[in-house]
Structures are given as C-alpha cells and as structure tokens.
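# Reading the structure
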Amino acid sequence: MRVLVNAGPWLPVPPHGYGGIENVVATLVPELRRLGVEVVLASVGESTLPADERLSVFGTGQFPQLQRPYNQVCGVVPAHQSAVVRRLDAGDIDLVHDHVEAAGLATLAALGPGAPPGLHTLHWDLAKHPELYGGFDGGARVRVNGVSADQLSHAPEALRAHAVGHVHLATPLATGADRRPARPKDGYVVVLGRINPGKGQDLAARLAHEAGFDLVLAGPVGPYHRPQDLAGADPQNPDVRFWRERVAPHVDGHRVRWAGTVTGADRDDLVAGARAALFPLRWNEPGGTAVVEALALGTPVVGIARGCLPELVEHGRTGLLTTHEEELGDLVRASGAIAEAECRAEAARRFTPAVMAASYRELYERLCARDSRLAVTG
Ligand code: UDP
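Bear in mind the structure is a predicted one, so any value in this text is a computation, not a measurement.

With that settled, the discussion passes to the site of the ligand. Close to the ligand lie 16 residues, the nearest being Tyr18, Arg194, Lys199, Val262 and Glu293. Here an oxygen atom of the ligand sits 3.0 Å away from a polar atom, N or O, in the main chain of Ala290. By residue number, the principal contributor to the shell around the ligand is helix α11 (residues 289–296), which donates three residues. Class assignment of the residues belonging to the shell around the ligand gives a composition of five nonpolar, six polar and five charged.

Right, dumping it as structure tokens:
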C-alpha cells in the first residue's frame, strides 16, 4: 500500500521546536513503514524524516509567513496543495492521509471520482470553520477521523457523517515506558502547553499560591518562546494579553515560574521530575499529546474532566480529575497516591506509536476496500 501523507507547508517534519501536527506525522510515519506501508511525504524541503519519497514546493517551513497580511500569504497552501494533486495524477497512490487544516479537507473533496480515497485527520477544535464543516460533503471517497471521541462528539453533523471514529495520539516516550527506571520526583507541579486561556495557566498559577505548591509553566506565549522575547511582544496578540493580564501577575519566579518553551531532553526531565502534570482546562482539549507524554514519563495527570482527558486518564489510577476547578489544589495534594508505574504501564499499552500506526493502517485498509461500514455517527 502506498500512502501520500500530507503534512502541509508550515513546519518541517519533525519540527525543530513546537509543532503538534508535524510531531504526530513524525511519530506515525516510521511505524507505518515498519508495517510495510510505503509513504510519500508531502512537506517542506528541510524535513528530515525518512520516507519512501518526498514531495515539497517550499524549501523551508512557511510558518513565520503567517505574521504577514493575508493577501501576501494566501498563495502558500494552494502552491503546496497543487503539487500534491499533481502527484496523484501518476495513479500509483492508494490513499491520501491528510493533516492540513481546512484546505486539506477541501482539496480532498474537490478531487474527481477517479482520485484515491482520502483520510483527513482532524487535529483541532471542531467548533472552528463552521461553514466548511457544517456543509461538508466528501461523498463516499473522503473520510475524517478525530483524535478523541469527545472531539468528534462536538462536530457538526455533516462532518460526523464522514467520520470513521478517532485515533488517540501517541508519543515515542511510551515505547518501553513500563521498563524504564523511575526517576525521582521533585516537589513541583508542571503545566506543559501553549500559554492561552483554554489551557488555563492563570488558574494553575492562582491555585499554586492558594494551595501552596510550586508550579513550573512550560510553553510558548503566541510566537514567543523565551521570557526575554516577550519584552518587545505585540501587545495585540491575544495570548500575549492573556499572559500579561492574567498569568504574569502570579509569576513570582519562586512559587510560580515560567520556563519558556522547553524541548527535547529538558522537557522530558521537567515532566518526569514533576509530582503531577496539571491540565486546568477551560476548553475541550481535542487530543492532548502532553497528557500521554506525562503518563509515559510516569507523572500522574491532574485536571479538569473535559475534552479528551477522561478518555486518556483513568481517575484514581493514572490521575485525578474533577469538574470543579476549585478542587484541583486538593487533587494535586492527593496525587502522590497515584502509582508512577501504573502511568507508565498505561502509556506503554495504549499510547505508543506502534498502537497509533496499527489503528491508522486498519483505517487505510477499510478506506481502500471502500468498506460500507465507514460512516459512523457515534
Ligand atoms: N511542548 C513542548 N515544550 C513546551 C510546551 C509544549 O515541547 O514548552 C509540546 C508538548 O510536549 C506536546 C506539544 O507541545 O508534545 C503540545 O501538544 P498538545 O496536544 O498537548 O497541545 P496543542 O498545542 O496541540 O494544543
């Protein structure tokens, strides 16, 4: 089976730093190839992920262009997508697995009946793009999958009619997590993720002072990755405003620290050393890579029971969840009772790249066979 995996023109695969979707592609492709799937990777020239064939229009990731006005950047995605469509003309692609927000789905639907089946993975909040999703019709050839059941349950009916279910996200850290020696815990709690209202860092910071625990925030504020970059930040950026007005007043450098974006081994150390990973969500987190990473690193998850959290975390076994934000401080205190080994074992069982790739390969096979059970509305 030969699959064209479209990672889009925004960032290289794997990304140099932050890059959720590109990280998913980087996690998935090697495992697909191990399963015998040939992968044509559509990305940018600087991507280093091995593939059977690569396709790119742009040499480098175009993400920085997004700071420019729309009329100057609106050609980026069409240029990339045109190359993808041209590649399909050769007739040797069995399926397209697309990860390009909005435009990828529209392109798949616009292809003629002779095109291969397409699977579009929905990585984001499905309240976005209501005109596209609300009236979507991909016929019998285009299908979508979510990254959690909760995410799909909030999708417009037209999109759900094309859904083949969900595939939870994975992390390479989960592979062998049950065999890795435990790392001693320090006393702090970590919140890992983009600093924005949905992820609730303001609540975490307030609770740290009230409930008396040390807190490390890790993640970018909009495009700014280090405290020193924020000095000249665009004050109109909504995440910058959130940081300045709601989070920064609680950040004293002792009880509450902001580490900026932390990546690679430093990130793993930070998460593995925390006594809990806190997710004080105010939105329905669709996929939660940081959640499965915490479990893989043996760190119990404490958070609000919404979005994908109840699917990824078992209350009382791998973490503690509540629907009341004021209870989070008590749950942080109680999280010492969660066994680190349980978290690691759960990650090794459910959230490895091999598990994710096996699910996708099964979906590919069903789509290629034009399986009549494809449409699920649950
Ligand atoms: N991340 C990171 N460094 C940071 C903050 C986050 O490497 O300082 C990574 C995190 O480990 C995870 C990804 O960014 O792999 C965030 O993905 P998630 O699905 O949790 O959230 P999203 O940003 O996609 O909403």
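Additional details are given in the paragraphs that follow.
Here we take up the sheet that holds strand β4 (residues 95–98). Taken in spatial order, the seven strands line up as β3-β2-β1-β4-β5-β6-β7 in an open sheet, and their pairing is parallel. The sheet is open, and its two borders are formed by β3 (53–56) and β7 (163–166), each paired with just one other strand. Sheet twist, expressed as the average angle between the axes of neighbouring strands with direction ignored, equals 20°. As judged from the four bridges shared by strand β2 (residues 38–43) and β3, these two strands associate in the parallel manner. Across the sheet, Leu41 pairs through a bridge with Arg54, a residue of β3. The strands touched by helix α4 (residues 103–110) are β4, β5 (118–121) and β6 (142–146); relative to β5, the strand with the most contacts, the crossing angle is about 165°. Relative to the sheet, helix α15 (residues 353–368) contacts β1 (2–6), β4, β5, β6 and β7, its axis offset from that of β5 by approximately 145°.

On to the pairing of β4, then. Burial of the side chains of β4 extends over both faces: Leu95 and His97 are buried on one face and Val96 and Asp98 on the other. The pairing of β1 with β4 spans four bridges and is classified as parallel. Each residue of the ladder has a partner; that of Val3, found in β4, is Leu95. Summarising the sheet, β4 and β5 pair through three bridges and their orientation is parallel. Counterpart to Asp98 in the pairing with β5 is His120.

Criteria and thresholds
- Residues numbered from 1 in each chain as written.
- Predicted model: local features only at pLDDT ≥ 70, side-chain atom pairs only at ≥ 80, totals over all residues.
- Heavy atoms only, no water.
- Near = heavy atom within 4 Å.
- Polar contact = N/O pair within 3.5 Å; in protein donor to acceptor, adjacent residues only side chain to side chain.
- Helix = DSSP H or I, 4+ residues; strand = E, 2+ residues; numbered from the N terminus.
- Nonpolar A, V, L, I, M, F, W, Y, C, P; charged D, E, K, R; others polar.
- Pairing = 2+ DSSP bridges.
- Axes fitted to C-alpha atoms, helices over the stretch in contact; angles between N-to-C directions.
- Contact = heavy atoms within 4.5 Å.
- Buried < 20%, exposed > 50% of the residue type's maximum accessible area, 1.4 Å probe, protein only.

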